[in-house]
Every structure is written in structure tokens, then in C-alpha cells.
Amino acid sequence: MLKSFLKEIIGASPALYDPCPSLLSFRNKCHVLVLFEGSADDRCELQEEYLANQQEALASRDIALLRVAGGGVFSSFEACADISADQIRADLNGPSPEEFEAILVGPDGAIKFRSGRPVSVQNVVELIDRLPHSDPVAHA
């Protein structure tokens, strides 16, 4: 309680209590679909099929796509993002580098959905439409 009182008085940096500091640049701008693409996991191939030709659909709904693979973080389908793979994995309590997981992070930085199975863009959009801003994490 004393810590929170001191934060109120002094004012703390938002990064200190942000639910996912590695995604701070996306805060209050868009949802972020983070795909942990395991090196030894064939679910990545199915996820690729689900995302084929869907960049416009993601962009039209303000959904950023980040792929965590091979120790790097990649934005969209190609561009390398300036985010540490280890940090985003720690922030989101992501899977080991060998495993697949899809995590949807809301504009508030909170995890809205996580799935060990590949997800379609349509399912992500429907989920966003159903979730009020303060909903807890949904699991699949």
C-alpha cells in the first residue's frame, strides 16, 4: 500500500506498472496479435494458411501482427521489429521457443485471449467485437 501511495504522490513512469512494457509503443493505438512460432511446431504452417492474404483485414481493424520466431520479433509478415523476443516472451508469459501460441493483447496492454491453436483473422475480429474493454483473458 505504501508503494502505491508513493507512486500516486511522486508519479511513476507508465512502463513501471504497464502489463506488457515491451508493447508500450502500441498502447492505446491498436490490438496486437502476437504469434509465438515454435521452431519444432507444425501449427505454424496452419497459422500461415489462416493469415495468407489477410494483411488488409488486420489493418482495417487496427490489429498489429507480431511474430516471435528464431529469437527475433517480426512485424507484419516481413519487417523486423525493435522488440526483444525474450522480453515479449517474459511480459506475456509466452511459451518456450519450441512451442506455438497466439496471444491477443488489447490497446490497454492486457491479454485478451490466448490459444495454443492457430487462429483465423475472422475469429480474432469476432473476439474483439464480443469483448468489452475490461474483459478478462479468454482461453481456447
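Residues numbered from 1 in each chain as written. Predicted model: local features only at pLDDT ≥ 70, side-chain atom pairs only at ≥ 80, totals over all residues. Heavy atoms only, no water.

- Named according to an unreviewed UniProt entry, the chain is DUF4174 domain-containing protein originating from Rhizobium tibeticum.

A look at the overall build of the chain
In step 1: Scanning the chain for helices and strands turns up six helices and six strands.
In step 2: Counting helices and strands in the order they occur from the N terminus, the chain gives α-α-β-α-α-β-β-α-β-β-α-β.
In step 3: Across the chain, every contact between residues at least 6 apart in sequence was considered, and the portion connecting residues at least 24 apart equals 59%. (Helix = DSSP H or I, 4+ residues; strand = E, 2+ residues; numbered from the N terminus. Contact = heavy atoms within 4.5 Å.)

Focus: the pairing of strand S2 (residues 63–69)
In step 1: Burial runs high along S2: six of the seven residues are buried.
In step 2: Note that strand S1 (residues 31–36) and S2 share six bridges and pair parallel. Following the sheet pairing, leucine 35 is matched in S2 by arginine 67.
In step 3: Where S2 meets strand S3 (residues 72–75), four bridges bridge the pair, whose relative direction is antiparallel. Along S3, the bridge assignment pairs alanine 69 with glycine 72. (Buried < 20%, exposed > 50% of the residue type's maximum accessible area, 1.4 Å probe, protein only. Pairing = 2+ DSSP bridges.)

Observations concerning the confidence of the model for the chain
In step 1: Averaged over every residue, the pLDDT of the chain is 82; the share at 70 or more is 79%.
In step 2: Averaged pLDDT values over the elements of the chain bottom out at 47 in helix H1 (residues 2–10) and peak at 96 in strand S4 (residues 101–105).
In step 3: For residues 1–7, every residue scores under 50 in pLDDT, and the model assigns this stretch three contacts once sequence neighbours within four places are set aside. (pLDDT = per-residue confidence, 0-100.)

Observations regarding the side chain of glutamate 101
In step 1: Here glutamate 101 shows up in strand S4.
In step 2: Classification of glutamate 101 by relative accessible area gives buried; the value is 13%.
In step 3: A polar contact of 3.1 Å, which involves the side chain of glutamate 101, links it to the side chain of arginine 114.
In step 4: Leaving out residues up to four positions away in the same chain, glutamate 101 has contacts with Val34, Leu35, Phe36, Asn93, Gly94, Pro95, Arg114 and Ser115. (Polar contact = N/O pair within 3.5 Å; in protein donor to acceptor, adjacent residues only side chain to side chain.)

A word on the pattern of salt bridges
In step 1: For the coordinates displayed, the defined rule picks out five salt bridges.
In step 2: A salt bridge links glutamate 37 to arginine 67; its shortest N-O distance comes to 3.2 Å. One end of the pair, glutamate 37, is in the loop between S1 and helix H3 (43–51); the other, arginine 67, is in strand S2, with 30 residues separating them in the sequence. Arginine 67 shares its class with glutamate 37; the two are buried.
In step 3: Across the salt bridge formed by aspartate 108 and lysine 112, the nearest N and O atoms sit 3.2 Å from each other.
In step 4: The network of salt bridges with common partners includes Glu37, Glu48 and Arg67. (Salt bridge = Lys/Arg side-chain N within 4 Å of Asp/Glu carboxyl O.)

Comments concerning H3
In step 1: Those residues of H3 that sit buried are Cys44, Gln47 and Leu51. Projected down its long axis, H3 shows its buried positions confined to an angular sector of 55°, all on one face. With respect to the buried face of H3, the exposed residues turned more than 90 degrees away are Glu45 and Glu49.
In step 2: Those residues of H3 that are buried are in contact with S1, S2 and helix H6 (121–130).
In step 3: Backbone geometry just after H3 places asparagine 53 at a positive phi near 60°. (Arc of directions from axis to C-beta.)

Focus: unusual backbone geometry
In step 1: Phi is positive for asparagine 28, close to 60°, though the residue is something other than glycine.
In step 2: Note that asparagine 28 resides in the loop between helix H2 (14–17) and S1.
In step 3: Of note in the backbone geometry, asparagine 93 takes a positive phi value of approximately 50° without being a glycine.
In step 4: Note that asparagine 93 resides in the loop between helix H5 (85–91) and S4.
In step 5: A relative accessible area of 62% places asparagine 93 in the exposed class.

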